[in-house]
Structures are given as C-alpha cells and as structure tokens.
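Examining the three-dimensional arrangement
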Amino acid sequence: MNRGKKSRWMFMGWAASLIAVLATSISGPASASAEALPDPRPLGAKVFQGRGFDTCHTPTLAALRAWKASPYRAVGVYYAGRGRACPSQPNLTVSWMRGVKSMGWHVLPIFVGSQSPCVRNKNKRKFAIGSTPWAQGRKEGKDAVARAKKLAMKKRSALYLDMEAYDQGKASCAATTLSFIRGWNREVRSHGFFPGFYSSAESGVRHLEKSRKAGIRDLPSVMWFARWNGKTALAGEPVLAKKAWSPHRRIHQYVGNVHEKHGGRTIQIDRNKVDAPVAIIS
C-alpha cells in the first residue's frame, strides 16, 4: 500500500470512529437495538418522571401558574410542523419557555410534520409524505431542530415526532412512513438532540417495534405511545417488549380529550405518564 492510499484509509477509519462516537452520545452504540439502549441521563438528557399533559394551544404562563395546584409538572407543546392542528401558537415564545422553566415545569416539544400516506384522520391526508420520504424526513428533521433552537432549546433536548394513527399493515405505505421517520430521526440525532416518536400503540408504535425486532437502524430514542386505557403504567404495554425503549425512554398517553380545572383555570388536555427526556432550556 502506498503512502497516499494509507493516508486515505487512516482518514476514513478516523471518520468512521467519529461517527460512531457521535451516535453513541445520543442513543448508545451504533450497533445496539432499541432494547439495549442505555440510560439517557449520562448522555446529557434531562429526564422527567411524573405526570404530564399536552394540549393543542400552548397555555398562558398565568394558566400554568394556576395549574401548579395540579398533579402535573410536564407540558407537551406543539411547537412546529406543517401538520399541526393548532399552527398558531402566540403564547409559545422564548420568554414563555424560560417562564415555565422558572416555575418548575418541564416541556415536551412535539413536532407534527408530514403524515403517513395511509393516515386514518382525513384532516391529516393533505399533509401526506411525498415520493422522497427519506429526504423529506431529513429536511423536516432539520426544521425541527432549527425551530427548537429558536425557542431556546439546547442540545440533548428531546424532540418528539407526532405521527398520527395509520394503516401500518399496508406494506407500501408502511415502508414510505418508516423511511420518513428514520430520515427525521437521523437528522435530529445528527444535531445532538434526542429524537422521540409519538403515535398510537396499535399503529405507529406497533410498526416501530416490529422494525426494532427486525434490526432496523435510525429508530427513535424515546417512545411516546397512546393507549387510552386509563392506566398510568409505563410497563406492560402489549405491543412493546419489556426492555424496549428503556430505561427512562417512555411516555404513556393514557387518557385523551378531557377537561380539567386547577387553580380556577380549565384546559382540555390529554393525560400522560412520563419517564423520559424533556427539553433543556437555556
């Protein structure tokens, strides 16, 4: 081997090692399955354990101040994405982010981007993933990170991709959807954020668990599953293996579309049990 070739091979080896280190810093060894992911806290995550809620319109600081009387301490906000049901978020600003932090709240940032071509919600079909799902996922992942940074979210924050229920049994549609999700995860992870995933347990979550068992890479670091059974348990979800997406990598949305009143303020919410990374606010 001549010196030029040797130098090129040494550089390629160094680059591969660097990529492996970067992958490990967010999700564990590049060769690991989701079942073998490590505790995210030593990797820089800020983990919240407790009850949380999400709501379509970001509540005011006054409402969250009143809701300190509630059992919740995490709030899910729909901060970006073309598929949001509530795209107008006048309360969601940098000062809001820092205000909730000062009150002891934790933020779960939700990105509702393009949706599966076989999404069940008719209102979401106009946001269907296009013909280049991997590239589209990467593009929207880049947007997710940029929008997060504008809201004072730092690296090692978790960003959650919302993929509404779809017919994951349809092979072509499932392949398109998975390619988009993986591209989004790859991009978000490459910027130093934890890519999370939200979907219904019987559609997107079941689909990704099958993918995990098949050894597919570029899967999410955190799993937020919706099963409205009224039970706050994070373990025991039928479609997830016991050790998959653990430890500290799960959120269970266990009740949806209910009204609650605390401190004189009523909000329509979904209820969640959280043991997962949240936003790190500067």
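Now for a quick tour of the structure. (Residues numbered from 1 in each chain as written. Predicted model: local features only at pLDDT ≥ 70, side-chain atom pairs only at ≥ 80, totals over all residues. Heavy atoms only, no water.)

The tally for this structure, following the rule as stated, stands at twelve salt bridges. Across the pair Asp 167 and Lys 170 runs a salt bridge, and its minimum N-O distance is 3.7 Å. Classification of Asp 167 by relative accessible area gives partly exposed; the value is 26%. Its relative accessible area of 47% is what places Lys 170 among the partly exposed residues. (Salt bridge = Lys/Arg side-chain N within 4 Å of Asp/Glu carboxyl O. Buried < 20%, exposed > 50% of the residue type's maximum accessible area, 1.4 Å probe, protein only.)

This part takes up the nonpolar core. Core analysis: the largest hydrophobic core is formed by 55 residues, its most contacted members being Tyr 79, Trp 96, Trp 105, Val 107, Leu 159 and Leu 208. Core analysis: the second largest hydrophobic core is formed by 19 residues, Ala 45, Ala 74, Ile 110 and Val 112 among them. (Core = buried A, V, L, I, M, F, W, Y, C linked by side-chain atoms within 4.5 Å.)

For the structure shown, the criterion picks out eight aromatic pairs. Here the aromatic rings of Trp 67 and Tyr 72 are separated by 5.9 Å at their centres, their planes lie at 20 degrees, and the arrangement is stacked. As far as the burial class goes, Trp 67 and Tyr 72 line up, both buried. Where Tyr 79 meets Phe 111, the ring centres are 6.3 Å apart and the plane angle is 55 degrees; that geometry is what we call tilted. (Phe/Tyr/Trp six-rings, centres within 6.5 Å; stacked < 30°, edge-to-face > 60°.)

We now examine the sheet that holds strand β6 (residues 222-226). Pairing is mixed around the closed barrel formed by eight strands, whose spatial order is β1-β2-β3-β4-β5-β6-β7-β8. Across the sheet, the mean angle from the axis of one strand to that of its neighbour is 35 degrees, orientation sign disregarded. With four bridges connecting them, strand β1 (residues 47-54) and strand β2 (residues 72-80) associate as parallel partners. Within β2, the position partnered with Phe 53 by the bridge is Val 75. (Pairing = 2+ DSSP bridges. Helix = DSSP H or I, 4+ residues; strand = E, 2+ residues; numbered from the N terminus. Axes fitted to C-alpha atoms, helices over the stretch in contact; angles between N-to-C directions.)

Inspection of the entire model under this criterion finds two disulfides. Cys 56 shares a disulfide with Cys 86; S-S distance 1.8 Å. Here the disulfide of Cys 56 and Cys 86 is right-handed, its torsion about the S-S bond being about 110 degrees. Residue Cys 56 is located in the loop between β1 and α2 (61-66), and its partner Cys 86 is located in the loop between β2 and α3 (94-102); the two are separated by 30 residues in the primary sequence. Residue Cys 56 is classed as partly exposed on the basis of its relative accessible area of 31%. Since its relative accessible area comes to 9%, Cys 86 is described here as buried. A sulfur-sulfur separation of 1.9 Å characterises the disulfide bridge that pairs Cys 118 with Cys 173. Of note, the bridge from Cys 118 to Cys 173 carries an S-S torsion of about -95 degrees and is left-handed in sense. Separated by 55 residues along the polypeptide, Cys 118 in the loop between β3 (106-111) and α4 (133-150) and Cys 173 in helix α5 (residues 171-190) bring together distant segments of the chain. (Disulfide = S-S within 2.5 Å.)

The subject of this paragraph is the packing of α4 against α5. Across the interface, α4 lies against α5 with an axial gap of 7 Å and an inter-helix angle of 40 degrees. Between α4 and α5, the angle falls in the class oblique. Classified by chirality, the crossing of α5 by α4 is right-handed. Contacts between α4 and α5 pair Pro 133, Trp 134, Gln 136, Gly 137, Arg 138, Glu 140, Gly 141, Lys 142, Ala 144 and Val 145 from the former with Thr 176, Ser 179, Phe 180, Arg 182, Gly 183, Trp 184, Arg 186, Glu 187 and Val 188 from the latter. (Parallel < 35°, antiparallel > 145°, perpendicular 65-115°, else oblique. Left-handed = near helix turned anticlockwise from the far one by under 90°. Contact = heavy atoms within 4.5 Å.)

Note that β1 and strand β8 (residues 265-277) share eight bridges and pair antiparallel. Across the sheet, the residue bridging to Gly 50 is Val 274, located in β8. Pairing of strand β7 (residues 250-262) with β8 involves ten bridges; the strand directions are antiparallel. What sits directly across from Val 258, in β8, is Ile 269.

Right, let's get into helix α6 (residues 201-213). Where α6 is concerned, the buried positions are Ala 201, Ser 203, Gly 204, Val 205, His 207, Leu 208, Glu 209, Ser 211 and Arg 212. Buried residues along α6 sit in contact with α5, β5 (194-200) and β6. In the segment just after α6, Gly 215 is the residue with positive phi, at about 85 degrees.

Another aspect to go through is α5. With 20 residues, α5 extends 28 Å from end C-alpha to end C-alpha; this agrees with the ideal 28 Å at 1.5 Å per step. Burial within α5 is extensive, with 14 of its 20 residues counted as buried. Positive phi shows up at Gly 192, right after α5, with a value of about 90 degrees. (Expected span 1.5 Å × (residues − 1).)

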